[in-house]
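# Coordinates in review
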Amino acid sequence: MTGSFVVGALVVAQVLLALAMACALVRLLRGPRAQDRVLALDAMYVDAILLLLTFGMREATTVYFEAALVIGVLGFVSTAALAKFLLRGEVIE
Amino acid sequence: MNHFAELPPLVGVIVGVLVVLGAALALLGSVGLLRLSTFYERIHPPTMGTTLGLGLILLASMLTFSTLESRPVIHEIVIAVFVVVTTPVTYMLLVRAAIHREQPRRDDGAIDAGGRNE
């Protein structure tokens, strides 16, 4: 009983997170300017972290946790680099 | 059948509610990102997912693994600290980039060297 409740809640959460990623993807495609697309990419990778964590809870493994950590680190670096590029026109001066 | 059946009912209910609440907050943030009309409005809603949404789901994950393994499992805090520290940095960089890009160009077509505060 408890098991099926938790699995049901995790499935609902995964559907909600997939919808959230879809919303961010629409914003990424629509723009209208580059900074909107970078912001949408940032929101998308945070949603991806949350989705991976729910997968990890369903499978009871820490492999997904490590993947989520890597996405978090690389997402920060990529968003910071893209923002720097929009600011200056080059990433490394 | 699944490993969640070993959870006490109270912990199971708390975990389920936390996970759905966190995911709902993330969805709300992304819908706001889609619906609001200017960039400076749009930069606010995703932060709901990155702070409270992430915090709730990580709390549920910590609760699940701590109960299943009968020991404190708190390595999820690493993700929470990292994302909460880095999100304001990236968003401030993005807003500065947006302000810089919306400045009027000079007569010779080059972007005015604004945005540099020193």
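Quick summary incoming for the structure in this document.

Basis of the calculations
- Residues numbered from 1 in each chain as written.
- Chains lettered and ligands numbered in written order.
- Predicted model: local features only at pLDDT ≥ 70, side-chain atom pairs only at ≥ 80, totals over all residues.
- Helix = DSSP H or I, 4+ residues; strand = E, 2+ residues; numbered from the N terminus.
- Contact = placed C-beta atoms within 7 Å.
- Core = buried A, V, L, I, M, F, W, Y, C linked by C-beta atoms within 7 Å.
- Buried ≥ 20, exposed ≤ 12 C-beta atoms within 10 Å, placed from the backbone.
- Nonpolar A, V, L, I, M, F, W, Y, C, P; charged D, E, K, R; others polar.
- Expected span 1.5 Å × (residues − 1).
- Axes fitted to C-alpha atoms, helices over the stretch in contact; angles between N-to-C directions.
- Parallel < 35°, antiparallel > 145°, perpendicular 65-115°, else oblique.

## Considerations on the overall build of chain B
- When its secondary structure is counted, chain B shows four helices and zero strands.
- Counting from the amino terminus, chain B carries its helices and strands in the arrangement α-α-α-α.
- For chain B, the share of sequence-separated contacts (at least 6 apart) that also reach a separation of at least 24 residues comes to 49%.

## Details of the nonpolar core
- Among the nonpolar cores identified, the biggest contains 52 residues, and Leu-17, Ile-49, Leu-50 and Leu-53 of chain A together with Val-19, Ala-23 and Ile-57 of chain B are the most heavily contacted of them.
- Elements that contribute at least two residues to this core include exactly helix H1 (2–30), helix H2 (34–59) and helix H3 (63–88) of chain A together with helix H1 (9–35), helix H3 (46–69) and helix H4 (76–101) of chain B.
- No other element matches H2 of chain A, which puts 13 residues into this core.
- The residues touching Ile-57 of chain B, leaving out its near neighbours within four places in the chain, are Leu-50, Leu-53 and Thr-54 of chain A together with Leu-18, Val-19 and Gly-22 of chain B.

## Considering the interface of chain B and chain A
- Listed by partner, the interface residues are 52 residues for chain B and 45 residues for chain A.
- Looking at the side of chain B that touches chain A, the elements with two or more residues in it are H1, helix H2 (39–42), H3 and H4 of chain B.
- When residues of the side of chain B that touches chain A are assigned to their parent elements, the largest contribution, 17 residues, is made by H1 of chain B.
- A class-by-class count of the residues in the side of chain B that touches chain A yields 32 nonpolar, 16 polar and four charged.

## Let's talk about H3 of chain A
- The terminal C-alpha atoms of H3 of chain A, which comprises 26 residues, lie 38 Å apart, in line with the 38 Å expected from a rise of 1.5 Å per residue.
- Phe-65, Ala-68, Gly-72, Gly-75, Thr-79, Leu-82, Ala-83, Leu-86 and Leu-87 of chain A are the residues of H3 of chain A that are buried.
- Buried positions along H3 of chain A lie against H2 of chain A together with H4 of chain B.
- Immediately beyond the C-terminal end of H3 of chain A, within one or two residues, lies Gly-89 of chain A, with a positive phi of roughly 90 degrees.

## Examining the environment of Gly-8 of chain A
Residue and element names in this part refer to chain A.
- Looking at where Gly-8 falls in the secondary structure, it is placed in helix H1.
- Taking the number of C-beta atoms within 10 Å as the measure of exposure, Gly-8 has 12 and is therefore exposed.
- Gly-8 sits 44 residues away from Leu-52 along the chain, and the two C-alpha atoms are 16 Å apart.

## A few points about the packing of H3 of chain B against H4 of chain B
All names here are of chain B.
- The geometry of H3 relative to H4 is characterised by a closest axis approach of 10 Å and an angle of 175 degrees between their N-to-C directions. One way to sum up the angle between H3 and H4 is to call them roughly antiparallel. Listed contacts from H4 to Thr-47, Thr-50, Thr-51, Leu-54, Gly-55, Leu-58, Ser-61 and Met-62 of H3 are Glu-76, Ile-79, Ala-80, Val-83, Val-84 and Thr-87.
- Classifying every residue of the contact of H3 with H4 by side-chain character gives seven nonpolar, six polar and one charged.

## A word on the environment of Leu-39 of chain A
- On the secondary structure map, Leu-39 of chain A appears in helix H2.
- Looking at Leu-39 of chain A, the number of C-beta atoms within 10 Å reads 27, which means it is buried.
- Sequence separation between Leu-39 of chain A and Thr-79 of chain A is 40 residues, and the spatial gap between their C-alpha atoms is 8.1 Å.
- Among all residues touching Leu-39 of chain A, those that are not within four sequence positions of it are Arg-42, Ile-43, Pro-46 and Leu-94 of chain B.

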